[in-house]
Amino acid sequence: MCLDEFHYAKHQYSFEMIDGRTSDLIELFKNRTSTNIRKHLSNYALTNRQRVECIITDMNAKYSTPLRQMFPNAKIIIYCCHIIQLAMKSYPTYMNHYSTDH
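Here's a quick rundown of the structure. Remember, it's a predicted structure, so these values are computed and weren't measured experimentally. (Residues numbered from 1 in each chain as written. Predicted model: local features only at pLDDT ≥ 70, side-chain atom pairs only at ≥ 80, totals over all residues. Heavy atoms only, no water.)

### Considerations on the overall build of the protein chain
Right, so step 1: When its secondary structure is counted, the protein chain shows four helices and five strands.
Right, so step 2: Along the chain direction, N to C, the helices and strands of the protein chain fall in the order β-β-β-α-α-β-α-β-α.
Right, so step 3: Within the protein chain, the proportion of its 102 residues that are buried is 23%.
Right, so step 4: Counting only contacts in the protein chain whose residues sit at least 6 apart along the sequence, the fraction spanning at least 24 positions is 30%.
Right, so step 5: Summed over all atoms, the accessible surface of the protein chain reaches about 7,300 Å², with 56% contributed by carbon and sulfur. (Helix = DSSP H or I, 4+ residues; strand = E, 2+ residues; numbered from the N terminus. Buried < 20%, exposed > 50% of the residue type's maximum accessible area, 1.4 Å probe, protein only. Contact = heavy atoms within 4.5 Å. Areas by Shrake-Rupley, 256 points an atom, 1.4 Å probe, with all protein chains shown as cover.)

Okay, here's the thing in structure tokens:
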């Protein structure tokens, strides 16, 4: 299962849930708060949520807790593009610090 947020209007974000095998949209949440995500996911039977093997998501920390609670058997996988993006953003700061210290 893939979970991600996306920008759809000025200052408005939604949260989408996609089948990782078929790329089919499972559900679209109008609000991306942890409470709202937990509320939507609780509509699915626990037995179905327990069958989810892995969840691919971004690095947004506010999703980690509800995803672990709602999908107790799933491995949480951070999408590699988000890791690369974070590394690229921090690289100039690291290089500036490193070059001034040494």
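Still to come is the rest of the account.
### Comments concerning the side chain of Arg49
Right, so step 1: As for its placement among the helices and strands, Arg49 is situated in helix H2 (residues 46–50).
Right, so step 2: Lacking a salt bridge, the buried Arg49 has Glu27 as its closest oppositely charged neighbour, with an N-O distance of 10 Å.
Right, so step 3: Once residues lying within four places of it in the same chain are set aside, the contact partners of Arg49 are Leu41, Tyr44, Gln69, Met70 and Phe71. (Lys, Arg positive; Asp, Glu negative; His and termini not counted. Salt bridge = Lys/Arg side-chain N within 4 Å of Asp/Glu carboxyl O.)

### Examining helix H1 (residues 34–41)
Right, so step 1: Turning to H1, its buried residues number three or more, namely Ser34, Asn36, Ile37 and Leu41. Down the axis of H1, the buried set is contained in an arc of 165 degrees. They therefore lie on one face. Seen from the open side of H1, the exposed residues pointing more than 90 degrees away from its buried face are Thr35 and Lys39. (Arc of directions from axis to C-beta.)

### A closer look at unusual backbone geometry
Right, so step 1: Look at Ser23: it is not a glycine, yet its phi comes out positive at around 65 degrees.
Right, so step 2: On the secondary structure map, Ser23 appears in the loop between strand S2 (12–18) and strand S3 (25–29).
Right, so step 3: On the basis of relative accessibility, which here comes to 59%, the residue Ser23 falls in the exposed class.

The analysis is restricted to geometry; functional conclusions fall outside its scope.
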